[in-house]
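Structure at a glance
Residue-level listing of the chains:
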Amino acid sequence: MKALKFLIAAIFLSLLVPALGNEISASTEKLAEKAETAFEQANSAENSQKLYLKAAKLYEKAAEAGAKNHKLYLNIGNCYFLAGDIGRAILNYRKAERLNPRSRAVQKNLSAARNLRLDKIDPNPENIIASNIFFWHKDFSLKTRFYAALLLVSVLIILISIRLSCPAFPGFWPSLCVLIFLLVCFGVSAGLGISQQDNSEGVITADKTVARKGNGEVYKKAFETPLHSGTEFDVLEVREDWIKAGFPDDSIAWVKRKDCELF
């Protein structure tokens, strides 16, 4: 059943890899073309895992050269997914999500990869409710939130100007309250987004790793079973070769730095 599920998802993803088009610079176009060629060869090859990994590495070189956009990271994620590396697939889908959180292709592919993870760590229900109520605007990109805040300031200034010139302007107070509410939402959200840009998240990329209660092998295991590739976490602290990780269910543990990648 799991193999069938993986095959269906793989076929679905192979049709979704988009062309980078004009969004990359001339200096990285050749790398992207080589990556797309390797991807096409992998689609028609019997033993395609190595070719998918080759395509992923070429796309990564294009990203390192400055061609960073959500389509590029979506391509990288798809290559890793089809190569069977769920951890790095999720890592790159999350990078794509940061650049374009409203992309339906990114969300579909990220969901497909998450469904194949071995670890099922469900978020705290209270956190989900609070996020949906107070942080609904987080689904917009940081750039969109910033410009929305600027637009709302402009509309607020216009509204106040109209009120000053026409004191009998109907619906002023309800409109003012709505504008202030939206301005606070998007303004605070944009401010938090800017201040948190340096905050890191991480994904387990090793096949499995043992999480500890402290930053060393001498500490007891944090969980009864190891964590597996694709498990996501927030980076709370970094100490040499260990990372203090916060997981969606609010549990905290230390994981080896070499067994995960941050973004």
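This section reports on the structure supplied with the text. Keep in mind the model is a prediction, meaning the values are calculated, not measured.

**Quick look at the side chain of T209**
Assignment of secondary structure puts T209 in strand β2 (residues 208–209). One polar contact links T209 to D259, side chain to side chain, over a distance of 2.6 Å.

**Points about the sheet that holds strand β7 (residues 260–262)**
Each strand in a sheet pairs with its neighbour through backbone hydrogen bonds, running either in the same direction (parallel) or in the opposite one (antiparallel). A sheet is described by the order of its strands in space; here five strands give the open sequence β6-β5-β4-β1-β7, paired in antiparallel fashion. On the outer flanks of this sheet lie β6 (252–256) and β7, each paired with one strand and no other. For this sheet, the mean angle separating the axes of adjacent strands, direction not counted, is 40°. As judged from the three bridges shared by strand β1 (residues 201–204) and strand β4 (residues 232–239), these two strands associate in the antiparallel manner. Bridging from a neighbouring strand, E201 pairs with D234 of β4. Seen against the sheet, helix α5 (residues 86–99) touches β1, β4 and β7 and runs at an angle of roughly 155° to β1.

**Side note on the packing of aromatic side chains**
Scanning the model with the defined rule gives four aromatic pairs in all. A centroid spacing of 5.8 Å and a plane angle of 75° characterise the contact between F223 and F247, whose relative ring orientation is edge-to-face. Separated by 24 residues along the polypeptide, F223 in the loop between β2 and β3 (227–228) and F247 in the loop between β5 (242–246) and β6 bring together distant segments of the chain. When its relative accessible area of 4% is taken as the criterion, F247 is described as buried. Through a chain of ring-to-ring contacts, three or more aromatic side chains come together here, namely F223, F233 and F247.

**Quick notes on the pattern of salt bridges**
As enumerated under the stated definition, the model contains 13 salt bridges in all. In this structure, E60 engages K57 in a salt bridge whose closest nitrogen and oxygen atoms are separated by 3.9 Å. Residue E60 and its partner K57 are both found in helix α3 (residues 49–64); the two are separated by three residues, about one turn of the helix. Under the relative-accessibility criterion, K57 is labelled partly exposed at 45%. Residues joined in a network through salt bridges with shared partners are R94, E97, R98, R114, R117, E201 and E232.

**Brief notes about α5**
Taking 1.5 Å per residue, 14 residues should reach 20 Å; α5 reaches 20 Å between its end C-alpha atoms and fits that length. Within α5, 10 of the 14 residues are buried, leaving the element largely enclosed by the surrounding structure. When we look at burial in α5, the residues that qualify are I86, G87, A89, I90, L91, N92, Y93, R94, A96 and E97.

Procedures and definitions
Residues numbered from 1 in each chain as written. Predicted model: local features only at pLDDT ≥ 70, side-chain atom pairs only at ≥ 80, totals over all residues. Heavy atoms only, no water. Helix = DSSP H or I, 4+ residues; strand = E, 2+ residues; numbered from the N terminus. Polar contact = N/O pair within 3.5 Å; in protein donor to acceptor, adjacent residues only side chain to side chain. Pairing = 2+ DSSP bridges. Axes fitted to C-alpha atoms, helices over the stretch in contact; angles between N-to-C directions. Contact = heavy atoms within 4.5 Å. Phe/Tyr/Trp six-rings, centres within 6.5 Å; stacked < 30°, edge-to-face > 60°. Buried < 20%, exposed > 50% of the residue type's maximum accessible area, 1.4 Å probe, protein only. Salt bridge = Lys/Arg side-chain N within 4 Å of Asp/Glu carboxyl O. Expected span 1.5 Å × (residues − 1).

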